[in-house]
Amino acid sequence: MELIINGEKISIPGHIKTASELLSYFQLEDKVLIVELNEAILEKSVHQATTLSDGDRIEIVHFVGGG
């Protein structure tokens, strides 16, 4: 499946079906972040139930501490 993640076309393995699985694939499941799917922000509570489709546009923004 091909997704556009943060503006870059990326091929991901076909076994990844949900937003939650995508975050695990990129080892981001424990980070504080915002996920946007096709211009709609996803609540964390729906990551497991949100299925992905070929061509979806995803933005992943995580917070970095510093000063």
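Numbering of residues starts from 1 in each chain and follows the order in which that chain's sequence is written. With pLDDT at 70 or above as the cut-off, local features in this predicted model cover only qualifying residues; side-chain atom pairs require 80 or more to be listed or tallied, and sums for whole chains, interfaces and linings still use all residues. Side-chain descriptors were evaluated using all non-hydrogen atoms of the structure, hydrogens and water having been removed beforehand.

What about the pairing of strand β2 (residues 8-11)?
Every other side chain in a regular strand lies on the same face of the sheet, so the side chains alternate between the two faces. A pair of strands is considered paired only if DSSP assigns at least 2 bridges between the two. For helices the rule is a DSSP run of H or I covering at least 4 residues; for strands it is a run of E covering at least 2, with both sets numbered from the N terminus onward. Both strand β1 (residues 2-5) and β2 contribute to a ladder of 4 bridges, which runs antiparallel. Opposite Glu-2, over in β2, you have Ser-11 as the bridge partner. In sequence, β1 turns back onto β2 through a hairpin of 2 residues, with Asn-6 there showing a positive phi of about 50 degrees.

A short note on a nonpolar patch on the surface
Patch membership requires over 30% relative accessible area and the absence of a salt bridge. Like charges are linked within 9 Å, and nonpolar side chains (Val, Leu, Ile, Met, Phe, Trp, Tyr) within 5 Å. Accessible surface is estimated by sampling points in the Shrake-Rupley manner with a 1.4 Å probe; for residues, cover comes only from the protein chains shown. A side-chain nitrogen of Lys or Arg and a carboxyl oxygen of Asp or Glu constitute a salt bridge if their distance falls within 4 Å. Together, Val-32, Ile-34, Ile-41, Val-61 and Phe-63 make up a nonpolar patch on the protein surface, roughly 500 Å² of accessible area in all. Taking relative accessible area as the criterion, Val-61 reaches 44% and is therefore assigned partly exposed. Whether a residue is buried, partly exposed or exposed follows from its accessible area with a 1.4 Å probe, protein chains only, as a fraction of its type maximum: under 20%, in between, or over 50%, in that order.

Describing the layout of surface pockets
The space that makes up the largest pocket amounts to roughly 210 Å³. Here a cavity denotes a set of grid points, spaced 1 Å apart and computed over the protein atoms alone, in which a 1.4 Å probe fits but from which it cannot get out, and a pocket denotes an open set meeting protein on both sides within 12 Å along at least five of seven lines; residues with an atom within 4 Å of a point are reported as lining. Lining the largest pocket are 15 residues, with Leu-23, Glu-29, Leu-33, Lys-44 and His-47 positioned closest to its centre. Contributing elements (two or more residues each) for the lining of the largest pocket: α1 (19-25), β3 (33-37) and β4 (40-42). When residues of the lining of the largest pocket are assigned to their parent elements, the largest contribution, 3 residues, is made by β3. Grid points are joined across faces, edges and corners, and a volume is the space filled by probe spheres set on the points.

Topic: the environment of Leu-22
Mapped onto the elements, Leu-22 comes out in helix α1. For the pair Leu-22 and Asp-54, spaced 32 residues apart in the sequence, the C-alpha separation amounts to 13 Å.

Digging into the side chain of His-47
Relative to the helices and strands, His-47 is located in the loop between β4 and β5 (57-62). Here a residue-residue contact requires only that any non-hydrogen atoms of the pair lie within 4.5 Å. Setting aside its immediate chain neighbours within four residues, His-47 contacts Thr-18, Ala-19, Ser-20, Leu-23, Leu-33, Val-35 and Leu-42.

Things to note about empty space enclosed by the protein
Applying the stated rule across the entire model yields 1 cavity of 30 Å³ or more. Along its surface, the largest cavity is lined by Ala-19, Leu-22, Leu-23, Val-35, Leu-37, Leu-42, Leu-52 and Ile-58. Contributing elements (two or more residues each) for the lining of the largest cavity: α1 and β3. The element that contributes the greatest number of residues to the lining of the largest cavity is α1, accounting for 3 residues. Any residue that is not Ala, Val, Leu, Ile, Met, Phe, Trp, Tyr, Cys, Pro, Asp, Glu, Lys or Arg is counted as polar, Gly included; the first ten are nonpolar and the last four charged. Residue classes in the lining of the largest cavity are distributed as 8 nonpolar, no polar and no charged.

Any functional reading would require information that these geometric values do not contain.
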